[in-house]
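Residues per chain, in single letters:
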Amino acid sequence: MTETGPSPASPAAGRQERVLPAFAEELVGTLSVHSQYVLHGSIRDIHLVRHDKNPDEGGAERQYDAHHTLTEVLWNALWQEGYEALIRFDIADGFTVVTGPATQEVRELLHGRDTPRAARAQRADTPVHLAEAERTLRSIVTGWKQQGQRQKKTPEVRPRPDTPQRQHPYRVVLLIDYAARIPTDVTRLSDPERDFFLNCLKLAEDARPIPDPDSGRRLFNPVIWLADGERDLPTWLVAGSERVRTIGIPLPDLGGRRRMAQLLAEEHAAKSGGGDGRVNGQVRLDKEQPDADRAPDEHDIDTFARATAGLTLRAMRESAHMALDRGLTFAEMRDAVRIYQLGVKDNPWQAEYVRKQIRKGEAYIRSRVKGQEKAVGKTLDILKRAALGLSGAQASHPGSRPRGVLFFAGPTGTGKTELAKSVATVLFGTEDACLRFDMSEFSAPHSVDRLLGAPPGYVGYEAGGELTTAVRNDPFRVVLFDEIDKADKGVLDKFLQVLEDGRLTDGQGVTTYFSECVLIFTSNLGVRKRTGEGRREGRVAQPGMPYHQLEEIILSNVKEHFVEEIGRPELMNRLGGNVVVFDYIDAKVAAEIFDSQVGNIQRVLREEQGVHLRLSDEAHQALSAHCTADVDNGGRGIGMLLETHLINPLARALFDQEALAGTVVTVTGVRPAGDGTVALDLRVVRGDGR
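Owing to the predicted nature of the structure, the values given are computational and were not obtained by experimental measurement.

Observations concerning the overall build of the protein
Helix and strand counts for the protein stand at 22 helices and 24 strands. Here the protein holds 690 residues, and 46% of them are scored as buried. Considering only residue pairs separated by 6 or more positions, the protein has 71% of its internal contacts joining residues 24 or more positions apart.

What follows is the structure in structure tokens.
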């Protein structure tokens, strides 16, 4: 999906711009009716807040943006409502007073008068007990309303004689951080954990709003749970009370990323400016570049904002810091984002090596994939487009889509998988760069968990996903999804996100980027079509059919499958013109494939066993005629016949030989056998002459 920002002429342009993030406005605006909140999503992100300039500051703009942590955003909104302290609780450090005008008083109420002034509470080696935490939480929600709670008459906490007694409760805010780490397993709560959350739910109902002594507004002392997701807390806590409000914190949209990019551009210019080729006092690596000292312009800012689709504002800031550390200009911020996402500096796609490999690769690919000139030609066109970074260039912004996407369709055994492996060899120098998934293994409804990883609480959660883990380990590779039509619909739905956004998030919440991958799907779709009652299959693409006619039929049937049969027209739409149709092989190509596979057998025997295999002209001709008589199954069918009629007899003849090194085996004749196979006349000469 292409992102677009609001134009100056749009209706939104005349509205007053939001000063606080939406989640903060929602929380502050509902404090009179909700006593607890669950904030989930991008809780570790930083957020933009629009501030007013001081009257004596210059410039035409009277406002400016600044980024703040979630805690800072919440407190700067809440203290204006009359709250006196912000308290944080987590299972490791217990209760900590973060800030506020009543910090010292609240700290004494929590820990006693002799508590150190350090912001973080001092823990011994004893863990935080949930029962004690719940009692303290209840005191916080009531603002220590009871006199006995407000001023404890104990040797540790004595009322100060010079301190007037408060006549109203404290108005405080409690953040429960790392809330997901309180239960060991949210689906299997222990008794103390269950009691703690149940008491918190009861507290949400029992809580009463506290009046502000100045304004008279009645607002709750809110308990704010911070969790990565709603399911990190018990469902009955999140949805068990009207007093508990759930607020999602989404990833920043394009407008927010543009504002952040503008802010980071100003910071980058300030830290890298001066014209002396230095960044933070160190010599800049790019000082010889002609535009190294050029100020960032709108194009640079827009490119940076669009390149960070799916990232947090915090990730944008870290990418900018990385750019400064590496001496990159702001115009090169897209490279910094790629390094931040993938963790690698060198980009094979930007090297001249890949373009040279593709130029030389045409002859290599045609030597491996025979009889598919048009399919190979179209594949090479798509690879050239990928090498130049032109995939999806027609869109206003292609985003982080995969470098290349190919869908190989056509009869079985015509070289689809072989071409995918050849592409990996050409691009990345080795066939091992082809990561293959047999999609017949992913036909079950829950098989998508194998690719992306199981969700929390399910078996295999710790292992992660096979696909996401492999691509994170090596982002520069060809990913082959063989027989894609056999995959479950849930798996196909995940491919929509990969094709559009170039990323996937696994069961552990880790995002994997496919922006440097070439994705290849293969299928036999289109050759056969379900017709008549009983949904029987009938072949509609016949051997010997003109290629243009065969291509038209297969493309039409592939489209019908995705649109009509499985109801996924959007998947077909994203594949677009990247469907490559393979033709049936003819007799000439079949003979070439036969010779190539016989050569492979001879090479393996020579390298593994030291045996030299030879075929007489008569035997070669007869065996070729038998193995290539029916080419409907393509090269794979020829290979299966060779295995039956050549490899198996050779294995029987050589198995009982003691010394194979130097042995010469000659096939002198081929005779029909009674069972429909053939029998070979072999002459075996051992290395010692016997």
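Read on for the rest.
Remarks on the pattern of salt bridges
By the definition in use, this model includes 26 salt bridges. Between R436 and D482 there is a salt bridge, and its shortest N-O distance comes to 3.0 Å. Residue R436 is found in strand β14 (residues 434–438), and its partner D482 is found in strand β15 (residues 478–482); the two are separated by 46 residues along the sequence. For R436, a relative accessible area of 43% puts it in the partly exposed group. For D482, a relative accessible area of 5% gives the class buried. By sharing partners, the salt bridges in this structure join R44, R88 and D177 into a single network.

A closer look at the environment of Q167
Within the element layout of this structure, Q167 appears in the loop between α5 (147–150) and β6 (172–176). Q167 sits in the exposed class, given a relative accessible area of 69%. Along the primary structure Q167 and K145 are separated by 22 residues, whereas in three dimensions their C-alpha atoms are 9.0 Å apart.

Some words on the sheet that holds strand β1 (residues 36–41)
Taken in spatial order, the six strands of this open sheet run β5-β4-β6-β9-β1-β10, and their pairing is mixed. Two strands bound the open sheet, and with one partner strand each, they are β5 (94–99) and β10 (244–249). Going across the sheet, the axis of each strand differs from the next one's by a mean of 25 degrees, ignoring polarity. Relative to strand β9 (residues 223–227), β6 is paired through three bridges, and the arrangement is parallel. When the sheet's bridge partners are listed, I176 is paired in β9 with W225.

Section: the sheet that holds strand β24 (residues 678–685)
The strand order across the open sheet built from three strands is β22-β23-β24, with neighbouring strands paired in mixed fashion. The sheet is open, and its two edges are formed by β22 (612–615) and β24, each paired on a single side. Shown here is a sheet whose adjacent strand axes are inclined to one another by a mean of 30 degrees, direction ignored. Relative to β24, strand β23 (residues 664–672) runs antiparallel, the two sharing eight bridges. Bridge assignment links R671 to a residue of β24, and that residue is A679.

So, the side chain of E134
Tracing the backbone shows E134 in helix α4 (residues 130–142). The class for E134 is buried, based on a relative accessible area of 10%. Non-local contacts of E134, meaning those with residues more than four positions away in its chain, are made with F196 and N199.

Comments concerning the environment of D90
Mapped onto the fold, D90 is located in strand β4 (residues 85–90). Among the residues examined, D90 registers a relative accessible area of 8% and is labelled buried. Measuring from C-alpha to C-alpha, the distance between D90 and L175 comes to 8.5 Å, with 85 residues separating the pair along the chain. Within the local environment of D90, its side chain forms a polar contact with the backbone nitrogen of A92, the two atoms lying 2.8 Å apart.

As for the environment of F330
For F330, the location among the structural elements is in the loop between α10 (313–326) and α11 (333–342). When the C-alpha positions of F330 and A295 are compared, they lie 8.1 Å apart, and in sequence the two are 35 residues distant. The contacts of F330, once residues within four sequence positions are left out, are A261, L264, A265, H268, P296, D300, I301 and F304.

A look at the confidence of the model for the protein
Summing up the model confidence of the protein, the mean pLDDT is 81 and the portion of residues at 70 or higher is 82%. Looking at the elements of the protein, mean pLDDT is at its lowest for α5, recorded as 43, and at its highest for β6, recorded as 96. A low-confidence stretch, residues 117–127 stays under pLDDT 50, and its non-local contacts, those more than four residues away or across chains, total 17 contacts. Within the model, pLDDT remains below 50 along residues 274–279, and this stretch shows twelve contacts once partners closer than five positions in the same chain are excluded.

Details of a negative patch on the surface
Among the surface-exposed residues, E373, D586, E592 and D595 lie close enough to one another that they form a single negatively charged patch. Within the secondary structure layout, D586 lies in the loop between β21 (579–581) and α20 (587–609). For D586, a relative accessible area of 44% gives the class partly exposed.

Quick notes on the packing of helix α8 (residues 254–272) against helix α9 (residues 298–307)
In the contact formed by α8 and α9, the axes pass within 8 Å of each other and the chain directions differ by 130 degrees. Considering their axes alone, α8 and α9 lie oblique with respect to each other. Along this stretch, α8 crosses α9, giving a crossing that reads as right-handed. Residues L254, R257, R258, A261, Q262, L264 and A265 of α8 touch α9, and the partners they reach there are E298, I301, D302, F304, A305 and R306. Split into classes, the residues belonging to the contact of α8 with α9 amount to seven nonpolar, one polar and five charged.

Rules behind the numbers
- Residues numbered from 1 in each chain as written.
- Predicted model: local features only at pLDDT ≥ 70, side-chain atom pairs only at ≥ 80, totals over all residues.
- Heavy atoms only, no water.
- Helix = DSSP H or I, 4+ residues; strand = E, 2+ residues; numbered from the N terminus.
- Buried < 20%, exposed > 50% of the residue type's maximum accessible area, 1.4 Å probe, protein only.
- Contact = heavy atoms within 4.5 Å.
- Salt bridge = Lys/Arg side-chain N within 4 Å of Asp/Glu carboxyl O.
- Pairing = 2+ DSSP bridges.
- Axes fitted to C-alpha atoms, helices over the stretch in contact; angles between N-to-C directions.
- Polar contact = N/O pair within 3.5 Å; in protein donor to acceptor, adjacent residues only side chain to side chain.
- pLDDT = per-residue confidence, 0-100.
- Patch = residues over 30% accessible without salt bridge, like charges linked within 9 Å, V, L, I, M, F, W, Y side chains within 5 Å.
- Areas by Shrake-Rupley, 256 points an atom, 1.4 Å probe, with all protein chains shown as cover.
- Lys, Arg positive; Asp, Glu negative; His and termini not counted.
- Charge placed at Lys NZ, Arg CZ, Asp CG, Glu CD.
- Parallel < 35°, antiparallel > 145°, perpendicular 65-115°, else oblique.
- Left-handed = near helix turned anticlockwise from the far one by under 90°.
- Nonpolar A, V, L, I, M, F, W, Y, C, P; charged D, E, K, R; others polar.

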